[in-house]
Amino acid sequence: MQVKIHSSWQSHLSDEFTKPYFQNLISFVKEEYSKSRCFPKGGQIFSAFDFCPFDDVKVVIIGQDPYHGYGQANGLCFSVNDGVPFPPSLINIFKEIELDVNIPFPKSGNLERWAKQGILLLNATLTVRESEAGSHQNRGWELFTDAVIQKISDEKENVVFLLWGGFAKKKGAKIDRNKHCVLETGHPSPLSANRGLWFGNKHFSSTNEFLLSKEKSPINW
């Protein structure tokens with residue numbers, strides 16, 4: 001089947017789409033969406049790629065699962081649809097941005113504005129069943145998103161990878177650190193942040209300093 005994903009990614013990922021695991025994954029996702037309420041909406045499953053073409057990628061943020069509450073997930077990690085209350089991790093992200101680069105809390109938690117500036121907001125698993133965290137894990141999405149990270153690492157240079165928490169650090173273990181800037185810290189969840197593992201990481205200013213050093217435009221967080 002043809003995967004609806006931004007054309008710039010097709011040539012880099014076309015081999016992946018023909019692999020048996022991916023065909024099985026798509027069959028599973030289709031069945032899940034037909035019999036259960038799943039998130040994000042079908043047309044938003046590949047939003048991270050649609051808003052951030054391959055050639056534009058200059059920052060990668062790795063999340064884990066889409067939000068599983070009704071109306072929250074929009075296909076971008078840590079992001080919620082307009083008008084949706086900010087989840088705790090997103091609140092802590094915005095708090096650190098305010099501390100680090102003095103940008104006040106935004107009115108919307110929709111991070112499309114980041115994606116359009118070249119940030120790939122990539123969840124390890126791109127779909128989930130309502131109210132069942134992790135329900136689409138170990139079905140093939142992780143293999144696909146590992147391949148995405150590897151392609152970026154192999155075929156691009158001077159990308160900033162933001163790895164927040166143990167899961168993201170493992171996910172990014174094979175990134176070529178001689179070619180890219182890899183910044184690691186704790187997860188922005190309250191559990192991690194309250195233990196002093198998130199605030200003060202200065203990832204947002206550090207990202208922009210690196211991009212400027214490579215003559216790339218900084219991110220307007």
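Everything below is about the structure printed above this text.
Residues numbered from 1 in each chain as written. Predicted model: local features only at pLDDT ≥ 70, side-chain atom pairs only at ≥ 80, totals over all residues. Heavy atoms only, no water.

Undergrad: Would you take a moment to explain the overall build of the protein chain for this structure?
TA: In terms of helices and strands, the protein chain carries 9 helices and 6 strands. Over its C-alpha trace the protein chain gives a radius of gyration of 17 Å, about what one expects of a compact globule, namely 17 Å for 221 residues. Counting only C-alpha atoms and orienting by the principal axes, one finds that the protein chain spans roughly 45 × 35 × 25 Å. A fraction of 64% describes how many contacts in the protein chain between residues 6 or more apart in sequence connect residues 24 or more apart. Just so you have it, the protein chain exposes about 10,300 Å², and 49% of that area is on carbon and sulfur atoms. The centroid of the 25 positive side-chain charges in the protein chain is displaced by 3 Å from the centroid of its 24 negative side-chain charges. (Helix = DSSP H or I, 4+ residues; strand = E, 2+ residues; numbered from the N terminus. Rg over C-alpha atoms; globule rule 2.2 N^0.38 Å. Contact = heavy atoms within 4.5 Å. Areas by Shrake-Rupley, 256 points an atom, 1.4 Å probe, with all protein chains shown as cover. Lys, Arg positive; Asp, Glu negative; His and termini not counted. Charge placed at Lys NZ, Arg CZ, Asp CG, Glu CD.)

Undergrad: What is the right way to read the pairing of strand S6 (residues 181-185) from this model?
TA: Along a regular strand, successive side chains alternate from one face of the sheet to the other. Of all 5 residues that make up S6, 4 are buried, and the element is covered over most of its length. Pairing of strand S5 (residues 160-164) with S6 involves 5 bridges; the strand directions are parallel. Looking at the pairing, Trp-164 lines up with Thr-185 of S6. Chirality of the crossover, the property in question, places the unit of S5, helix H7 (residues 165-171) and S6 among those that are right-handed. (Buried < 20%, exposed > 50% of the residue type's maximum accessible area, 1.4 Å probe, protein only. Pairing = 2+ DSSP bridges. Right-handed = clockwise from strand over helix to strand, strands pointing away.)

Undergrad: Please clarify how unusual backbone geometry should be interpreted in this entry.
TA: Excluding glycine, residues mostly carry a negative phi; peptide bonds, for their part, are mostly trans. Cis rather than trans, the peptide bond between Phe-39 and Pro-40 has omega equal to -5°. Its location among the elements puts Pro-40 in the loop between strand S1 (38-39) and helix H3 (47-51). In this model, Phe-78 sits at a positive phi of 70°, which is unusual for a non-glycine residue. Note on placement: Phe-78 falls in the loop between strand S2 (59-63) and helix H4 (88-101). You will see that Lys-202, though not glycine, has its phi angle at about 55°, which is positive. Position of Lys-202 relative to the elements: it lies in the loop between helix H8 (190-193) and helix H9 (203-213).

Undergrad: Can you help me understand the packing of aromatic side chains in this one?
TA: The description of an aromatic ring pair uses the distance of the two centres, along with the angle that the planes make with each other. This model, assessed by the stated rule, comprises 21 aromatic pairs. Taking the centre distance of 5.6 Å and the plane angle of 55° together, the rings of Phe-78 and Trp-164 count as tilted. Of this pair, Phe-78 sits in the loop between S2 and H4 while Trp-164 sits in strand S5, and the two are 86 residues apart along the sequence. Of the aromatic side chains, those joined through ring pairs into one cluster are Trp-9, Phe-17, Tyr-21, Phe-22, Phe-46, Phe-49, Phe-54, Trp-141 and Phe-144. Cation over ring: Lys-156 sits above Phe-54, and NZ or CZ is 5.1 Å from the ring centre. (Phe/Tyr/Trp six-rings, centres within 6.5 Å; stacked < 30°, edge-to-face > 60°. Lys NZ or Arg CZ within 6 Å of the ring centre and 35° of its normal.)

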